[in-house]
Amino acid sequence: QVQLVESGGGLVQPGGSLRLSCAASGFSFSNYAMRWYRQAPGKERELVATITTAGSSTYYADSVKGRFTISRDNAKITVYLQMNSLKPEDTAVYYCNAADLLRVYWGQGTQVTVSS
């Protein structure tokens, strides 16, 4: 059974940091590009960051570039999103995504709220 389980969300003050984790199981993790998406209330889901299978390349949305870092540990079958200098506009449900040419898997999401 394929599972992507996100954790690490919560309430943080502006300027603070959080580290999200996504633990994978049930598929060949090292063969999948991994992504973090987010969806704020009333908005469409947007791509935040991507990391390739071996972790050699990454992509970031302009809105998070320089503040967020995506990484993966294929031995621990986990992908991470380090979020620094958080802003209120980063408030959203963050989703982990795994995709290859044929299949796409989603986690259930973790809430991140940035507020004073």
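This is a predicted model, so every value here is computed, not measured. (Residues numbered from 1 in each chain as written. Predicted model: local features only at pLDDT ≥ 70, side-chain atom pairs only at ≥ 80, totals over all residues. Heavy atoms only, no water.)

**Description of the environment of T113**
For T113, the location among the structural elements is in strand 11 (residues 110–114). Looking at T113, the relative accessible area reads 26%, which means it is partly exposed. Measuring from C-alpha to C-alpha, the distance between T113 and A92 comes to 6.6 Å, with 21 residues separating the pair along the chain. Those residues in contact with T113, other than ones at most four positions away along the chain, are G10, L11, V12 and T91. (Helix = DSSP H or I, 4+ residues; strand = E, 2+ residues; numbered from the N terminus. Buried < 20%, exposed > 50% of the residue type's maximum accessible area, 1.4 Å probe, protein only. Contact = heavy atoms within 4.5 Å.)

**Details of the sheet that holds strand 7 (residues 68–73)**
Here we have 4 strands laid out as an open sheet, ordered 1-3-8-7, and antiparallel in their pairing. The sheet terminates laterally at strand 1 (3–7) and strand 7, the two strands that pair on one side only. Across the sheet, the mean angle separating the axes of adjacent strands is 15° when strand polarity is ignored. (Pairing = 2+ DSSP bridges. Axes fitted to C-alpha atoms, helices over the stretch in contact; angles between N-to-C directions.)

**What to know about the state of the cysteines**
On inspection of all chains with the given rule, the structure shows 1 disulfide. Two residues share a disulfide in this structure: C22 and C96, whose sulfurs sit 2.1 Å from each other. Taking the sign of the torsion about the S-S bond as the criterion, the disulfide between C22 and C96, at about -85°, is left-handed. Remark: C96 occurs in strand 9 (residues 92–99) and C22 occurs in strand 3 (residues 18–25); sequence separation between them is 74 residues. The exposure class of C22 is buried, given its relative accessible area of 0%. Assessed through its relative accessible area of 0%, C96 is described here as buried. (Disulfide = S-S within 2.5 Å.)

**Notes on the packing of aromatic side chains**
Following the criterion strictly, the structure yields 6 aromatic pairs and no others. Where F27 meets Y105, the ring centres are 5.2 Å apart and the plane angle is 45°; that geometry is what we call tilted. One end of the pair, F27, is in the loop between strand 3 and strand 4 (33–39); the other, Y105, is in strand 10 (residues 104–106), and 78 residues separate them in sequence. One exposure class covers both F27 and Y105, and it is buried. Note on Y37 and W106: the rings are 4.9 Å apart at their centroids and 55° apart in plane angle, and the pair reads as tilted. Of the two residues, Y37 sits in strand 4 while W106 sits in strand 10, which places them 69 residues apart along the sequence. (Phe/Tyr/Trp six-rings, centres within 6.5 Å; stacked < 30°, edge-to-face > 60°.)

Function cannot be inferred from these measures alone, as they are strictly geometric.
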